[in-house]
Amino acid sequence: LAKEQPGFWISCLEWFGITTAQLCFAFGVAISVHDFEDLVQLIGAALATPLCLLLPLICFLGAPREFMSLLWPKAELGSASALSLLTLALTVVGTIAAVRNIVLNFGK
């Protein structure tokens with residue numbers, strides 16, 4: 001989008017809101033976890049996969065449909081759905097492992 005196009009500032013505000021919410025979540029986790037290794041593991045498991053895979057995929061699929069009235073081919077939607085499910089699975093498994101490690105190491 002160019003600055004002259006309608007919706008540019010709204011999309012900038014949406015992006016700012018998403019990244020600010022993730023920053024606040026990460027800061028809250030950073031304050032609550034005592035061991036740095038556990039903190040890095042938890043933030044990486046909970047935020048790295050969605051930020052690197054899911055958010056760009058959502059932006060990629062949503063932009064043309066909204067602004068150019070285009071629909072994506074079924075093969076691309078199928079691969080995007082598979083990637084979304086893989087991202088969700090990796091995020092859940094990684095976060096569970098990180099939380100389990102924090103709980104096991106809490107009293108040490």
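Residues numbered from 1 in each chain as written. Predicted model: local features only at pLDDT ≥ 70, side-chain atom pairs only at ≥ 80, totals over all residues. Heavy atoms only, no water.

A short note on helix α1 (residues 8–32)
In this model, α1 (25 residues) spans 37 Å end to end at C-alpha, consistent with the 36 Å of a helix rising 1.5 Å per residue. Those residues of α1 that fall on the buried side of the exposure criterion are Phe8, Ala26 and Val29. (Helix = DSSP H or I, 4+ residues; strand = E, 2+ residues; numbered from the N terminus. Expected span 1.5 Å × (residues − 1). Buried < 20%, exposed > 50% of the residue type's maximum accessible area, 1.4 Å probe, protein only.)

A word on the confidence of the model for the protein
A residue-level look at the protein finds 88% of positions with pLDDT of 70 or above and a mean pLDDT of 83. Within the protein, the lowest mean pLDDT, 80, falls on helix α2 (residues 36–67), and the highest, 89, falls on helix α3 (residues 74–104). (pLDDT = per-residue confidence, 0-100.)

Some details on the nonpolar core
Counting residues in hydrophobic clusters, the biggest one holds 7 residues: Val29, Val33, Leu39, Leu42, Ala45, Ala98 and Ile102. For this core, the secondary-structure elements that each account for two or more residues are α2 and α3. Of the residues forming this core, the biggest block, 3 residues, is contributed by α2. Excluding residues that lie within four positions of it along the chain, valine 29 makes contacts with Leu39, Leu42 and Ile43. (Core = buried A, V, L, I, M, F, W, Y, C linked by side-chain atoms within 4.5 Å. Contact = heavy atoms within 4.5 Å.)

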